[in-house]
Each structure stands twice: as structure tokens, then as C-alpha cells.
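Architecture and fold: a report
One-letter residues, chain by chain:
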Amino acid sequence: MRKSVISREQLTMFNTCKSIVLRDTEEYLSNVLGENIINLRQELKDDILSTTYLTHAIHNVYPAKFIPQVPRFVIKKFNLKGKIILDPFAGSGTTAVESLLTGNSNISNDVNPITKFLVEIKTLRFNPKDYFDYLDRLNYHVSSMAKNERPYIPRWGNLSYWYPADILTSLTKIWGYIHNIDEGEADIKNILKVSALYISRKYSYGEDESPKLFKSKHKTAKMKELLDKFHKLGEELLRAEILGKARQYLDCIVQFNYRMRPEYQRIYSFNKSREQFLLILNNSLEELGQEIPEETIDCIVTSPPYIYAQEYFRSTKIDMYWLDMVDDKSVRRLTKMEIGQKLKPISDLDSFLLKIEPYKNALRTIKKRSENFKTKENIPRFEAYFSDMLYFIRLSAQLLAKKGILAIFIGEPKVFGSPINVKDIISEMLTKNCFKLTDTLFDVIKSRHLLRNRLNENPNGILGEWLIIGEKL
Ligand SMILES: C[S@@+](CC[C@H](N)C(=O)[O-])C[C@H]1O[C@@H](n2cnc3c(N)ncnc32)[C@H](O)[C@@H]1O
């Protein structure tokens, strides 16, 4: 991608250094962590050929999404089939795809409203016999976009900051057309929407190689090239890219359906049916506890937000504005609902937290290290994060059936220069809340789009992530 700034020789040197570092890192890790170290990609190399296989390739820019090997490993290890698997922080729906593919039911929940859209498209039921009809309809709609005069303008105050004016005019026309497609063609409409999301990121000033929305030098330079091309070819360029993406995504959906032999039913509220089902919820954790009856879930596999790495809404807002899911006000409201954002921890959880030794130690370190830090919210945010995590673990204990499995995939980013022992804190939270700890495995990171901010210094530089597994007693 950055060919213009890095020469071939530099790239070869970089790759050589990277592999030496990776080899040394793995050696170091295996000395320190011994048998706890695992390589999930390697472990499942015969089951999953690529992290973007089937519909996992669709909208592959969700922040901090985990690789499909994470849920697949848990499903395989515990031999889950015909079970109910819940992901309370479902994000882009990786667990949903893996649950359904392996013959399990799935409940996907997230406070982010985009989850429903993404899970629906990634698990779209489709009869391969309709393939050519779908292609015809996609062609028809994309060519009809040229005639559309009704633009869709996102309710986004900062819109013109992110786009050159003429690109914006074309995008608003394209989106105006898509939003007006009849709901009778909802599936086609959704395939076009997710394809238009791709070009709406690509042709913006926002860095599209990172989930977080920011202007980079690299992207500004790339935009110059893209704009030249756009000025030569006009709107036709954007339409051709949408069609290309739509065909690619349709192929992914066909392959998913081909592999997903037994058909699942889509349900809209909890019903412990024996049929395979998919339920997508847009709830807070508190609401989730009301929605799902106690002791009904067989397995929870999830990756909660990292400490100080919230801001999922800020990262996905570009997509949500175009999808007409949010406006400036609702983005701010939703952001406050994210884990670790409630700056007043619930009091009984707060006192319970102080019984967790690794938490107390980490809090002491953070307090000391943040003395010279100007921001006042560091400590309350730290406390709020773990208070929310404790709430989530207690909720899991409530929802899981006896012997149910809770698998948490999480990293230990550095805060003020020192790593937080998240694994030890979570492990103790499990054992103090009706779980037997069965595994703590460390998966070495190869690449993952993680969120980074001022406090959470280097999620991109962390060596790997923990898979912590508990069994409900
Ligand atoms: C690490 S991401 C999950 C990514 C997911 N595993 C995937 O593969 O796409 C964490 C998710 O937690 C969600 N989240 C944050 N706070 C939440 C809350 N209070 N309740 C439910 N979901 C929340 C975020 O919106 C985000 O999608």
C-alpha cells in the first residue's frame, strides 16, 4: 500500500527484521509462559484456512474484531454442537458466523447498533439457485444509481471535513439511491449498503487501513491519487467499485450458505427452541440480563473491550452515519454506554473489587503512576472498567447453565508504561464468582486492528492476548 514511500529493499529488510523479532518473541514467550502459550492459527490450520474465509471477509474493518479461530477453538475444545452460544460483545459477528457454521445456535448482543446490520449480512440465508438473479439485480441497481437525483445527506456535522466536495456529492447520490431501494429487496439492499461502506471509507480523508477515524499523511497522499482517478473517470469509478465489492460479498455469502447446510431460524426474542436459531440484540448488559432467562446458555465466547480502549462508536461512526443509524447527538449518548465509561462504579461491586488482590495491586500502581498525569479521569475510568467487567462476569454466571463455558479473549495493554495484569484480575474474578478456571492460554498476535489512545499506549505493540476459560460450577 505504501509503495511510494518504502523501497523494495527497505521492505525486504523490514520483513526480515520482523520475522527475527517474531521468532525471538515466541522463544521468549515460550520460556516465560511455558505450556500456556498457544498459536490459534496454527492449532486450527486444517479447519480455518484464512481469517477472512467465507463471510468473515465482509466489512473486515471492525475495531478489535477477533480472529474466527478464537470462537472455533472453544467450540472444538468443548465439542459444542446443538448448543446455545452467546457473545455479549458481539461487534462484527465473528462468533455468530462460527456458531452457525458448527451447528450451534447463537445470540449476538452489542450496544453498537451496527452489530445487527453486520451479523445479518454475514449470516444471510441464501439459495444458491438465486445467484444469477441476484447478480442481475445488483447490476441493475448499480447502473440505475447514475440517474438518481435524490441525495442522502448523513446527519453528521463534520461531514465536509472528511470528504472532498465532488466525491461527497457523488456519495450522497449513491446513498440516496440505496436508501430508497424497496424493502422487498432487503437482502440486495444490504449487500449494496455494505459495499457502499467500503467506498465511503476508501474515498474519505479518514485512514482506511485502521478502524479508528483519523486523517493521516499517508491517506492524504493516497487521496490525491484517488481524486485524479475520480476526475478522469467520474462517478462511474465509484459505481464500478461498488459493483466489484457487491459481487465479491455475494460470493462470500453463497459459500457461507453452501457450508451452512442445516438452516437456522432467525428469532426476535429469546425462546429456547430446539431448532438452530440466531437472535441479534442491541442491549446494554443490564438489559441483556432481563432478556435472557437464567441458566439457559451453554457457552459464552467473547472479547470485551480493552481497558482504556473504548471508543468503538467513534471508530464505527463513519459507517453508522452513512447507514442512517445515528446523528451527532446519539453518537455521544452511545459512547457513554460503553464499558468503562460510567465514571461512578456500582458501590457493592466496588467493595467486592477490593477483595481481588491483583486488582488492588494494579490500582495502587496506576494511582502512583498517574500522579503527574494531568487528566483527572484516569483512576475513575480504571475503576469503572473493572467494575463493569465484574458485572459482566456475574451476569455470565447468571445466564450460563451448570457446567456452561465462559471464554474471554483479552489483552494486557500498557498503561502509563506498565502492563496491567488483566489476566490475573479476570481469573480471580472468575474463581470468586462460581467458576472453575480451566485454561489460561496466551495466543501470540500476528496482526489485529486494535484501538489505541493516549492512555492505552500500545495495543498494536502487545505480544499477544489471553484466552481465559472458566466452567460454571
Ligand atoms: C473487542 S470488540 C468485539 C469484537 C468482536 N469479537 C468481533 O469479532 O467483531 C468489543 C465490543 O464491545 C462492545 N461494547 C462496549 N461496551 C459495551 C456494553 N456496555 N454492552 C455491550 N457491548 C459493549 C463494543 O461496541 C464492541 O463492539
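For the structure itself, look to the data block above.
The rules we used
- Residues numbered from 1 in each chain as written.
- Predicted model: local features only at pLDDT ≥ 70, side-chain atom pairs only at ≥ 80, totals over all residues.
- Heavy atoms only, no water.
- Helix = DSSP H or I, 4+ residues; strand = E, 2+ residues; numbered from the N terminus.
- Contact = heavy atoms within 4.5 Å.
- Phe/Tyr/Trp six-rings, centres within 6.5 Å; stacked < 30°, edge-to-face > 60°.
- Near = heavy atom within 4 Å.
- Polar contact = N/O pair within 3.5 Å; in protein donor to acceptor, adjacent residues only side chain to side chain.
- Areas by Shrake-Rupley, 256 points an atom, 1.4 Å probe, with all protein chains shown as cover.
- Nonpolar A, V, L, I, M, F, W, Y, C, P; charged D, E, K, R; others polar.
- Buried < 20%, exposed > 50% of the residue type's maximum accessible area, 1.4 Å probe, protein only.
- Pairing = 2+ DSSP bridges.
- Axes fitted to C-alpha atoms, helices over the stretch in contact; angles between N-to-C directions.
- Parallel < 35°, antiparallel > 145°, perpendicular 65-115°, else oblique.
- Left-handed = near helix turned anticlockwise from the far one by under 90°.
- Core = buried A, V, L, I, M, F, W, Y, C linked by side-chain atoms within 4.5 Å.
- Domains from an automatic or database assignment.

1. Re the overall build of the protein chain
Helix and strand counts for the protein chain stand at 18 helices and 11 strands. Restricting the contact set of the protein chain to residue pairs at least 6 apart, pairs at least 24 apart contribute 76%.

2. Remarks on the packing of aromatic side chains
The tally for this structure, following the rule as stated, stands at 15 aromatic pairs. Pairing Y131 with F132 gives two aromatic rings, centres 5.2 Å apart and planes at 75 degrees, and the pair type is edge-to-face. For the ring pair Y359 and F386, a centre distance of 5.7 Å and an interplane angle of 75 degrees mean the geometry is edge-to-face. Here Y359, found in helix α16 (residues 357-369), pairs with F386, found in helix α17 (residues 378-399); they are 27 residues apart in sequence, far enough to count as distant.

3. Here we look at the site of the ligand
As a structural note, the neighbourhood of the ligand is formed by 19 residues, with Y62, S92, T94, D110 and I339 the closest of them. The side chain of S92 places a nitrogen or oxygen atom 2.6 Å from an oxygen atom of the ligand. Within the backbone of M337, an N or O atom sits 3.1 Å from a nitrogen atom of the ligand. Its free accessible area being 600 Å², the ligand has 98% of it covered by the protein chains. Of the residues in the shell around the ligand, the class split is 11 nonpolar, 5 polar and 3 charged.

4. Considerations on the environment of N79
Mapped onto the fold, N79 is located in the loop between α3 (69-77) and β2 (84-87). C-alpha separation for the pair N79 and T102, spaced 23 residues apart in sequence, amounts to 9.8 Å.

5. With respect to helix α13 (residues 312-322)
By the criterion of burial, α13 is predominantly enclosed, with 9 of the 11 residues buried. All buried positions along α13 are accounted for by Y312, F313, S315, T316, I318, D319, M320, Y321 and W322. Buried residues along α13 sit against α5 (114-122), α7 (159-162), α8 (165-179), α9 (186-202) and α14 (328-335). In the stretch just after α13, D324 is the one whose phi turns positive, near 65 degrees.

6. Observations concerning the sheet that holds strand β1 (residues 37-38)
Pairing within the open sheet is mixed, and its 9 strands lie in the order β1-β10-β11-β7-β6-β2-β3-β5-β4. Two strands close off the open sheet at either side, each with one partner strand: β1 and β4 (265-267). Relative to strand β6 (residues 297-302), β2 is paired through 2 bridges, and the arrangement is parallel. The partner of I85 across the bridge, within β6, is C299. Packed onto the sheet, α3 meets β1, β2, β6, β7 (400-411), β10 (435-444) and β11 (464-472) and runs at close to 35 degrees relative to β11. The strands touched by α5 within the sheet are β3 (105-109), β4 and β5 (277-281), with β5 carrying the most contacts at an inclination of about 155 degrees.

7. Here we look at the packing of α9 against helix α11 (residues 236-259)
In contact at an axis separation of 8 Å, α9 and α11 are set at 130 degrees when each is read in the N-to-C sense. With respect to each other, α9 and α11 are oriented oblique. Taken as a pair, α9 and α11 cross one another with a handedness that is right-handed. Counted together, I191, L192, V194, S195, A196, Y198, I199 and K202 of α9 and L238, E241, I242, K245, A246, Y249, L250 and I253 of α11 form the full contact between these two elements.

8. Concerning the packing of α16 against α17
Taken N-terminus to C-terminus, the directions of α16 and α17 make an angle of 160 degrees; their axes are 10 Å apart at the nearest point. By the angle class used here, α16 and α17 are roughly antiparallel. Considering the relative orientation of α16 and α17, their crossing is right-handed. Contacts between α16 and α17 involve Y359, A362, L363, I366 and K367 from the first element and I379, F382, E383 and F386 from the second. Here the residues of the contact of α16 with α17 sort into 7 nonpolar, no polar and 2 charged.

9. A short note on the nonpolar core
One finds Y163, I191, L192 and W322 to be the most contacted residues of the largest nonpolar core, which totals 62 residues. Three or more residues apiece are contributed to this core by two domains, here domain 2 (39-113 + 265-472) and domain 3 (128-258). Excluding its chain neighbours within four sequence positions, the residues that come into contact with L192 are L138, H141, V142, M145, I178, I181, I242 and A246. Among the nonpolar cores identified, the runner-up in size contains 52 residues, and Y308, I339, L406 and F435 belong to it.

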